[in-house]
Amino acid sequence: KALIAEAETFKAQSKEEVEAFRIKYLGSKGLLKGFYSELKNVANDQKKEFGQTINTLKKTAEDKVNALKQELESKEEVKGIFGDLSRPGEPIQIGARHPISIVKNQIIDIFAGIGFNVSEGPEIEDDWHNFTALNLPEYHPARDMQDTFFIQTNPDILLRTHTSSVQVRYMENNKPPIRTISPGRVYRNEAISARSHCFFHQVEGLYIDKDVSFADLKQTLQYFTTEMFGKSKIRLRPSYFPFTEPSAEIDVYWGLETETDYKITKGTGWLEIGGCGMVDPNVLENCKIDSTEYSGFAFGVGIDRIAMLLHQIGDIRLLSENDVRFLEQFKSSI
Ligand code: PHE
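Residues numbered from 1 in each chain as written. Predicted model: local features only at pLDDT ≥ 70, side-chain atom pairs only at ≥ 80, totals over all residues. Heavy atoms only, no water.

As recorded in an unreviewed UniProt entry, the chain goes by Phenylalanine--tRNA ligase alpha subunit and comes from Hwangdonia lutea. As recorded by UniProt, the Subcellular location (unreviewed entry) comment attached to the chain reads in full: "Cytoplasm". Check the Sequence similarities (unreviewed entry) section of the UniProt entry for the chain; it says "Belongs to the class-II aminoacyl-tRNA synthetase family. Phe-tRNA synthetase alpha subunit type 1 subfamily." (UniProt positions renumbered as here; feature names shortened; annotations may be inferred.)

**Q** It is not clear to me how the pattern of salt bridges should be interpreted in this structure. Could you clarify?
**A** Side chains that carry opposite charge are capable of pairing whenever their charged atoms lie near each other. Summed over the entire model, instances satisfying the criterion amount to 11 salt bridges. A salt bridge links E6 to K24; its shortest N-O distance comes to 3.1 Å. Of this pair, E6 sits in helix α1 (residues 2-9) while K24 sits in helix α2 (residues 15-26), and the two are 18 residues apart along the sequence. We classify K24 as partly exposed; its relative accessible area is 42%. Put simply, D323 and R325 hold a salt bridge, and the shortest N to O gap is 2.7 Å. A relative accessible area of 25% places D323 in the partly exposed class. Bridged by salt links that share partners, the residues R235, R237, D251 and E272 form one connected network. (Salt bridge = Lys/Arg side-chain N within 4 Å of Asp/Glu carboxyl O. Helix = DSSP H or I, 4+ residues; strand = E, 2+ residues; numbered from the N terminus. Buried < 20%, exposed > 50% of the residue type's maximum accessible area, 1.4 Å probe, protein only.)

**Q** Help me understand the sheet that holds strand β4 (residues 157-159), please; the structure alone is not making it clear to me.
**A** Backbone-to-backbone hydrogen bonds join strands into a sheet, with any given pair of strands oriented parallel or antiparallel. On the basis of which strands lie adjacent, the open sheet formed by three strands has the order β2-β4-β3 and antiparallel pairing. Of all strands in the sheet, those bounded by a partner on one side alone are β2 (124-126) and β3 (150-152). The mean angle between the axes of side-by-side strands here comes to 35 degrees, regardless of whether they run parallel or antiparallel. Sheet analysis places β2 next to β4, joined by three bridges and oriented antiparallel. In the strand pairing of β4, I124 is matched with L159. (Pairing = 2+ DSSP bridges. Axes fitted to C-alpha atoms, helices over the stretch in contact; angles between N-to-C directions.)

**Q** Just to check I follow, could you spell out the environment of N173 for this structure?
**A** In this structure, N173 sits in helix α7 (residues 164-173). Since its relative accessible area comes to 61%, N173 is described here as exposed. Spatially, the C-alpha atom of N173 lies 24 Å from that of I107, the residues being 66 residues apart in sequence. Here the side chain of N173 touches R169 through a polar contact of 2.9 Å, landing on its backbone oxygen. (Polar contact = N/O pair within 3.5 Å; in protein donor to acceptor, adjacent residues only side chain to side chain.)

Set out below in structure tokens:
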């Protein structure tokens with residue numbers, strides 16, 4: 001009877017253990033064999049009970065063997081379908097930061113180092129913030145400099161053509177001294193090619209305080225390009241923007257000592273990265289800043305352009321196609 005209880009509670013982890021159990025109880029030299037051959041020696045009045053007990057033991061042992069076999073087989077089946085469930089999971093593929101984000105974050109860090117904060121604004125803008133406040137009244141021919149996507153006319157609602165609109169918003173809501181950069185996406189109705197797209201990214205900077213001079217602007221830009229490109233020279237080429245006076249294009253030349261030593265891409269030495277100038281007093285007045293007390297400078301650089309220069313990207317379209325073969329290459333730059 002003790003053996004019946006033992007057989008009932010027996011547990012096995014492997015087929016070998018089940019087989020050993022089977023041999024012990026049911027094998028040709030097993031316990032049951034012994035009991036059966038002993039049956040003839042049992043006193044007649046006990047024969048019935050003894051016989052019943054060993055029959056029960058036999059059945060218990062047989063049932064146990066079958067049950068254990070089934071249990072082990074179904075475990076193996078699960079393994080076959082799902083593999084080893086106790087194994088650690090598949091490693092997760094970690095993505096890469098987008099080159100635009102990488103460069104944008106670098107620019108933010110560089111300007112944070114000299115006290116500029118970050119300001120943001122809407123991509124869908126009104127006419128005032130994108131044009132009129134920036135000294136570009138209606139019918140001003142300079143509006144043609146930036147081909148605009150209009151969402152609605154009269155009152156005009158449009159996709160911002162530059163993040164100067166964010167600077168207007170910032171000036172409206174903050175008193176000088178102001179030191180802020182505005183990164184973001186901008187839109188222009190231009191044909192898409194390897195070099196230009198209908199949307200791209202800018203970081204515009206604004207510095208307003210008492211006695212700000214063009215020398216401050218130039219030094220700030222020189223600091224920026226040195227941090228961004230390493231050893232570099234800048235050149236400010238006279239230009240025109242309605243919101244700055246005087247205005248200039250920013251060219252950068254980076255790397256070696258003389259212009260002929262260093263070719264960044266196919267024969268070009270100086271590369272234009274953006275525009276800049278002293279904020280036009282009209283713009284300050286439009287934003288309720290007293291232009292007799294304050295002056296300031298502004299600049300805007302293209303993030304896409306800088307990313308393309310730094311990472312040797314030959315086609316601007318790669319930056320918005322989201323091809324993983326391209327994006328994966330920036331894993332090490334995070
Ligand atoms: N907003 C100008 C552009 O998008 C760039 C710029 C900014 C120029 C600030 C001068 C001063 O082209």
